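What the coordinates show
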Amino acid sequence: MRYAPEDVAAEDPPLVEPGEMRAIPVQGAGGTGFTHFMDGAQKSVAVADQLGFPIYLAHTSAAIVERVGRGMVAPGPDWRMEKLALYMPGFVEGRAAIAQAFDVVAITCDPEAPIEKVRNDVVKRISEDRNDQEKELLQRFDHGVLLTDGNLTNAKRQDGSYKFVVGVVKSHATQHFRSRERALKVLGLRAGERTPAFKPKVSKNQADVYSFYLRLQARPDKSSLYGLVRVELPPETEYLNRADEIAGWLLHERMPTSLPDPRHDKLLYPIHWIEEYLRALQPTDGRIAQLLG
Amino acid sequence: MQANTSQEIGRVIGTERKPSTAYTFQFWARPRERIGIGSIVRVEAVVDDAQVTVYGIVVEAFAFNDLESPLHEFLSMGGDATITPPTMREDIRMFQAAVLRREPEEPVGAVPIGRVYLASEDDVQKALRTNEFRQQFGIACGCYGGKDNPVPVHLHRDFLLGSEAGHLNITGTSGLAAKTSYILFLLKSIFTHSKTTPGAPTVATLLFNTKGGDLLYLDKEPEHVISPDQVEIYHRCGIEPTPFENVEYYAPYKHVANGELNTVRFGAEVEEGNPTRPFAFGLQDIMDNFEVLVGREDLDAKAAGFLGYLKDKYVLAQGKLPGSGGERQAKTLGELTDIIKAELRQADNGEGKGVQHPLTMRKVLNRLTNLQHRYSGLISHDGKTLGPLSKRFEPGSVVVVDVSQLHSDAKDLVFSAFISQIQDLMEDRKLGVDRLIVVVDELNKYAPSGGGETYVLSALKDISARGRYMGLTLFGAQQFRSRVDKEVVGNSASHAFGHIEAEELAQPGYSYFTPAVKEKLATLPTGEVLIKHPHFAQPIFVRFPIPPCLRGSDGLRKYPRAADRSLRELVAERARQMRGNPNEIADLLSKMAEDNDMANLLRELHRAPVDADAVAIIRQYGKVSVAPRKEPRAVLDDDVDPFA
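These notes cover the structure that comes with them. (Residues numbered from 1 in each chain as written. Chains lettered and ligands numbered in written order. Predicted model: local features only at pLDDT ≥ 70, side-chain atom pairs only at ≥ 80, totals over all residues. Heavy atoms only, no water.)

To continue, consider the layout of surface pockets. Its volume calculated, the largest pocket comes out at about 1900 Å³. Around the largest pocket, the lining is made up of 41 residues, and of these Ala-280 of chain A together with Trp-28, Glu-90, Asp-91 and Ile-92 of chain B lie nearest the centre. Those elements giving two or more residues to the lining of the largest pocket turn out to be β4 (71–73) and α5 (269–281) of chain A together with β1 (7–13), β2 (24–29), β4 (50–65) and β5 (91–103) of chain B. Across the lining of the largest pocket, the residue classes tally to 20 nonpolar, seven polar and 14 charged. Arg-130, Asp-149, Gly-150, Asn-151 and Val-169 of chain A are the residues nearest the centre of the second largest pocket, which is lined by 38 residues in total. (1 Å grid on protein atoms, 1.4 Å probe; cavity = no way out; pocket = protein on both sides within 12 Å on 5 of 7 lines; lining within 4 Å. Points joined across faces, edges and corners; volume = space filled by probe spheres on them. Helix = DSSP H or I, 4+ residues; strand = E, 2+ residues; numbered from the N terminus. Nonpolar A, V, L, I, M, F, W, Y, C, P; charged D, E, K, R; others polar.)

Shown next as structure tokens:
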């Protein structure tokens, strides 16, 4: 995360909670209200090049998992999606012998485009399929309180409403606060502290949300991003009023840790559980080799 | 578990590190499944379009979660053990199973990765192959499974009683393993099978009551409550939970001169309709078991030679005494000692050539004389053998020899003599039944490993090796199997293991059990045993019920031993148990003089069957002559008419 050399506070997203940008100690981390959790996964293997163009065998999956008592319950077919398919440029489909053995996703590409561009198009489509699976599940979700890995773009309904969904973004590819003062406030959060909620600037494809930064863990020997997550809430007053409560839930979800996963500082255990679950659905390398003959 | 439906519980796991083999496999199961060590499962898989079914028994259990290091869990909780995280770590229950059977039998390949089901009743019978022999040859040995649905398990008759294989050996900690209870249950099952199965061999059993009153009330109704679970086991095994029928009890005399029996099963109430009978050894028994009587180390070659000489010359035949002593045959121990004295006099006088050196003869004389005092209640006063082996065994009969009141050496004598006599009966095919089951407890003592070759050990080895061909089956029990002669144990085809101490389980003989099975054996509750049988590819845990007869402790409390009584009282009590008019018996006894040989009369009453005429015996042996009836003395003058 970088901050601008000059004060550019005017470009920072507006705060939607009263008061200045500051560190707010989260109260009430003694329980959690989350009942469901969601994540998606994908695994792709380049299996062959047809005339130099890429063909991928990819497995995409997503699941919403309910927690009953303290146990995660493997989802039934309604709450689990997976797909195994060959992803290839549409213009090579008819010429690829391997296409006979699998479902094929033919991607519309320009045959004259550079190979790297075609490859990126194919890989992007795999991610889009996984995203679609997540979206379908999120749209289907109709009861309980859901915590999803990532932003809430897929959770917004056609009519603009949300169910009770909270997103946790682990990566910080987008720097929302560029002013030095506010960026330092974010980076200076201590474990168990959050920022006031703000309304991030979003692209046209993204949904309007409220968000705040939360420090789940802190260690002096780690970077300033260690344990720092950005939480997304539906842009409704009800969620804003409960921001502290929801932050408390997330702090409570720090246990158990998802060690030995290297992202354990930000990866909450129920999300880790789903990752492991979805990984179990993916074909192993041996199985892929067997499928490919 | 339902009778004939299977519940799917998990999947076989085969990893590169821990693959399935031809004889073992692993599977996971949901934590809530009621499965553990000893559970039987069925694996279903399709291999090359062919259905493959594998039956296995759980021999090890594992559980682990997604932790890589204990430190992770510590860090996870911040070192605070009181914290309850909102999500439980995922964990898995994994089991290792040993293959019991596969269908088809060939090829014997690795267990396929398939679906795992909890075994139904049909599955259990197929897995143990009891479905192939249960109807005709099955002897129920207990029930597999939980209390909600016990599944009977059967042993193959010909592999338990002979002649295909034979003998049973049971190991268990004294007081905890209920070895006696299990043997009684098995005997009950064997008798039921013998009675209800067409073509089944006739069976009788001989048991030694070595301590307390465990086996002295087998024909009495129990005072303890047989719980519905246990009644259900009886029911599933096809056995009526009723006391044993046709039980005979034998006990030695307290002293040969005293007709009182040396047993706690004593008294009109407990003996009603089934009095305890005496047993005693005759001269020939003593000669045959002299080694036991005097101790092996005390019987050197010279003494043994002299005994052999005496037996051949004076016991089995009529021999001529040295000098001008005439011909003599010894029928009692006293007569034999007289003969030895005569031989000794001859040797001391230097008349003729002595058979043995006088010192050897004196030694034998000394030992024989001591026997009369040391084993006074066991040695017959007239030299004749008395007891159950003097007649053939009846089918369905249970013979209990009570030696609980004897000292250790006397028990050895009884045991040794019975075993040798049974061995003789076996050789002569005079047992009277197709199969005689001899129950021997404390094999540690009678057939120890690493000890010298005693007469008893030799007989037990012979019975264990050849008995199954000749109708004699050994049910041996011990606390320490590792300390029993390997030949005796090894010749047993069937084995039962109750609660066993960890020290014993550490012996090499138990190495074929997995650690989990050993752990279970070390904590096995009373009423459960592990059964190893030739028809079972792996040992099976089964439950068995409490015996349907009066427990020893209850019997001793219910029938306390009466205070010592006079010989006259003993005779009267014994006679009342027999046939005859009680008033007449009382009348006869009241007329007997005090100097009548009451001890002799009591022995004769004991010797006679229960339905014998007591009056006749009293008249004959009590030497009671009933005087002619005297006319009542006239109290009035004849010429005085009282009614006038």
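There's plenty left to go through after this.
Here the focus is the interface of chain A and chain B. With 17 residues of chain A at the contact, the number on the chain B side is 14 residues. Summing the contributions of chain A and of chain B, the shared interface buries around 1500 Å²; its carbon and sulfur component is 58%. For the chain A face of the interface with chain B, the top three residues by lost area are Arg-70, Met-255 and Leu-259 of chain A, together amounting to 43%. Viewed at the interface, chain B and chain A are joined by zero salt bridges. Elements with a contribution of two residues or more to the side of chain A that touches chain B: β4 and α5 of chain A. Of all the elements, α5 of chain A adds the most residues to the side of chain A that touches chain B, at four residues. Looking at the side of chain A that touches chain B residue by residue, the class counts come to eight nonpolar, six polar and three charged. (Contact = heavy atoms within 4.5 Å. Buried area = accessible area lost by both parts, 1.4 Å probe. Salt bridge = Lys/Arg side-chain N within 4 Å of Asp/Glu carboxyl O.)

Residue and element names in this part refer to chain A. Considering the arrangement of structural elements, one finds Pro-234 in the loop between β11 (228–233) and α3 (237–241). Using a relative accessible area of 0% as the deciding quantity, one classes Pro-234 as buried. In sequence terms Pro-234 and Val-209 are 25 residues apart; their C-alpha atoms lie 5.1 Å from each other. Excluding anything up to four places from it in sequence, Pro-234 contacts Leu-152, Tyr-162, Lys-163, Val-165, Tyr-210 and Tyr-239. (Buried < 20%, exposed > 50% of the residue type's maximum accessible area, 1.4 Å probe, protein only.)

This part is about empty space enclosed by the protein. Residue and element names in this part refer to chain B. Tallying each qualifying case throughout the model produces seven cavities of 30 Å³ or more. By volume, the largest cavity is sized at about 170 Å³. Sorting the residues of the lining of the largest cavity by element identifies α5 (179–196), β10 (203–209) and β18 (435–440) as the ones contributing at least two each. Here the lining of the largest cavity gets four residues from one element, more than from any other, and that element is α5. Among the residues forming the lining of the largest cavity, the class breakdown is eight nonpolar, three polar and four charged. Approximately 100 Å³ is the volume found for the second largest cavity. Lining of the second largest cavity is provided by Gly-259, Glu-260, Leu-261, Phe-266, Glu-271, Leu-570, Glu-573, Arg-574, Gln-577, Leu-602 and His-606. Of all elements in the fold, only β13 (258–261), α20 (567–576) and α22 (598–607) reach the threshold of two or more residues within the lining of the second largest cavity. A per-class count over the lining of the second largest cavity returns four nonpolar, three polar and four charged.

Attention now goes to the pairing of β5 of chain B. All names here are of chain B. Across six bridges, the pairing between β2 and β5 is antiparallel. Considered in β5, the bridge of Thr-24 is made with Ala-98. Judged from the 12 bridges that link them, β4 and β5 form a sheet pairing that is antiparallel. Looking at β5, one finds that Val-54 is bridged to Arg-102. (Pairing = 2+ DSSP bridges.)

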